[in-house]
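Chain and residue survey
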Amino acid sequence: MIEIIGATKRFGGKEAISNLSLIIDKGLIGLVGQNGAGKSTLFRLISGVEYVDEGAILIDSFLPTTRQAKEKIFFLPDDPSVPGRSDIQATLEFYATFYEIDTAKFWDLIAKFDLPTDKSVNTFSKGMRRQVFIVLALSIKCDILLLDEAFDGLDPLVMEKIKYELLNIYDKQNKTIVISTHNVYALEKLVDKFIVIHDGRLQSNNTLEHLGETFIKFQAIFSKPCDANTLLKLGLEVVSFRKVGSIDTFVLDTKMPIATVEKLLESLEPTLLETISIDANEIVMLQMMTAEKEKSSC
């Protein structure tokens, strides 16, 4: 279990992580947020690469810098390094000096991904390099995997193979696997829950279903003029509003039943009023927009 207790990390006076408290237990978990939200910094703090300025982080009650904690974690950064002209064999040997690796599993996965074994890893494309290191991560014997931008540069077919292997390893070994990515769609049917951070602060930590449970998206044509301020005057919290021609599309953040919201909207004399489903990417974006509105109102 990873315990993050009031963690703050500053770089040049700017808070990259700000008073963040969170418990990460076993499971497949997505870590999402916009560029600069603090995802990579959080991974570096958990793995002991960086140190918190305030607060604490514990890995099964051990500090991240201790041997006991480091034995439990493998952190795969966005741009991992490999010595010189190392081929896949040399890369494996290099990392085997630091970690216990299931070499049979490693070579089995290298074969599944059809990666060339006679060339320097540094000559590979970004997607191929990413595959080599994900194979390495999946073969390392540890309790916690932190995968930063795990799907960056991968084509859809390779991504599906990796998702299959991630699910397989989780089912068999019951690890904690935290995946940071901008590709929210790739995580939608993979992870158990999403951790959303915004400006270094925790915005949400829940399943996708619960992340979006207060959002209602409408498409409407109103006989009376309508904009975001009109809806605010009705007592509705507007997260986004867009008008294209006569059609208004908007998302509300509310705990009211849909029937109650629709009754309020009837005062605008709708000739069309229907709810629209919200996909995973939009739910996460709405969480970030809500966080930005809350920040602006402070």
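The structure under discussion appears in the preceding block.
Attention here is on the structure that accompanies the text. Please read these numbers as outputs of a predicted model, since none were measured by experiment.

If you tally the helices and strands in the protein chain, you get 11 helices and 13 strands. Dimensions of the protein chain along its principal axes, counting C-alpha atoms only, are 70 × 45 × 35 Å. Relative to its 298 residues, the protein chain shows a buried fraction of 47%. Carbon and sulfur atoms make up 51% of the accessible area of the protein chain, which amounts to about 14500 Å² in all. Of the side chains in the protein chain, 33 bear a positive and 42 a negative charge, and the two mean positions are spaced by 2 Å.

Turning next to the packing of helix H5 (residues 126-139) against helix H6 (residues 156-173). When two helices pack together, you describe them by how their axes are tilted relative to each other and by the distance separating the axes. The interhelical angle for the contact between H5 and H6, taken along N-to-C directions, is 10 degrees, at an axis separation of 11 Å. Relative to H6, H5 is oriented roughly parallel. Only Val158, Ile162, Glu165, Leu166 and Ile169 of H6 make contact with H5, whose side of the interface consists of Gln131, Ile134 and Leu138.

Attention now moves to the environment of Ile278. Mapping Ile278 onto the fold places it in the loop between strand E13 (270-276) and helix H11 (280-297). Separated by 63 residues in the primary sequence, Ile278 and Phe215 have C-alpha atoms spaced 8.4 Å apart. When sequence neighbours within four positions are dropped, the list of residues in contact with Ile278 reads Phe215, Lys217, Ile283 and Leu286.

Turning next to the pairing of strand E6 (residues 144-148). Counting buried positions over the five residues of E6 gives five, a clear majority of the element. Burial along E6 is two-sided: the residues Ile144, Leu146 and Asp148 and Leu145 and Leu147 are all buried. One ladder, built from four bridges, connects strand E5 (residues 73-76) with E6; its direction is parallel. Looking at the pairing, Phe74 lines up with Leu145 of E6.

Counting residues in each nonpolar core, the largest one holds 56 residues, and the members touching the most others are Phe151, Ile179 and Phe194. Ranked by residues supplied to this core, first place goes to H5 with seven residues. Apart from residues no more than four positions distant in its own chain, Phe151 is found in contact with Met159, Ile162, Lys163, Leu166, Ile179, Thr181, Ala186, Leu187 and Leu190. Counting residues in each nonpolar core, the second largest holds 24 residues, with Ile24, Ile29, Leu45 and Ile46 among its members.

So, about helix H4 (residues 103-112). Those residues of H4 lying buried are Lys105, Phe106, Leu109 and Ile110. Seen from one end, H4 has its buried residues packed into an arc of 135 degrees, which puts them on one side. Away from the buried face of H4 by more than 90 degrees, exposed residues Ala104 and Ala111 are located. Looking at where H4 begins, the residue whose side-chain oxygen comes 3.3 Å from the main-chain nitrogen of Ala104 is Asp102. At the C-terminal side of H4, Asp114 shows a positive phi close to 55 degrees.

So, on to the sheet that holds strand E4 (residues 54-59). In spatial order, the strands read E2-E1-E4; together these three strands make up an open sheet with antiparallel pairing. Every other strand in the sheet has two partners, leaving strand E2 (14-24) and E4 as the edge strands with one partner each. The average angle at which neighbouring strand axes cross in this sheet is 25 degrees, direction not considered. Where strand E1 (residues 2-11) lies against E2, seven bridges are found, and the strand directions are antiparallel.

Analysis parameters
- Residues numbered from 1 in each chain as written.
- Predicted model: local features only at pLDDT ≥ 70, side-chain atom pairs only at ≥ 80, totals over all residues.
- Heavy atoms only, no water.
- Helix = DSSP H or I, 4+ residues; strand = E, 2+ residues; numbered from the N terminus.
- Buried < 20%, exposed > 50% of the residue type's maximum accessible area, 1.4 Å probe, protein only.
- Areas by Shrake-Rupley, 256 points an atom, 1.4 Å probe, with all protein chains shown as cover.
- Lys, Arg positive; Asp, Glu negative; His and termini not counted.
- Charge placed at Lys NZ, Arg CZ, Asp CG, Glu CD.
- Axes fitted to C-alpha atoms, helices over the stretch in contact; angles between N-to-C directions.
- Parallel < 35°, antiparallel > 145°, perpendicular 65-115°, else oblique.
- Contact = heavy atoms within 4.5 Å.
- Pairing = 2+ DSSP bridges.
- Core = buried A, V, L, I, M, F, W, Y, C linked by side-chain atoms within 4.5 Å.
- Arc of directions from axis to C-beta.
- Polar contact = N/O pair within 3.5 Å; in protein donor to acceptor, adjacent residues only side chain to side chain.

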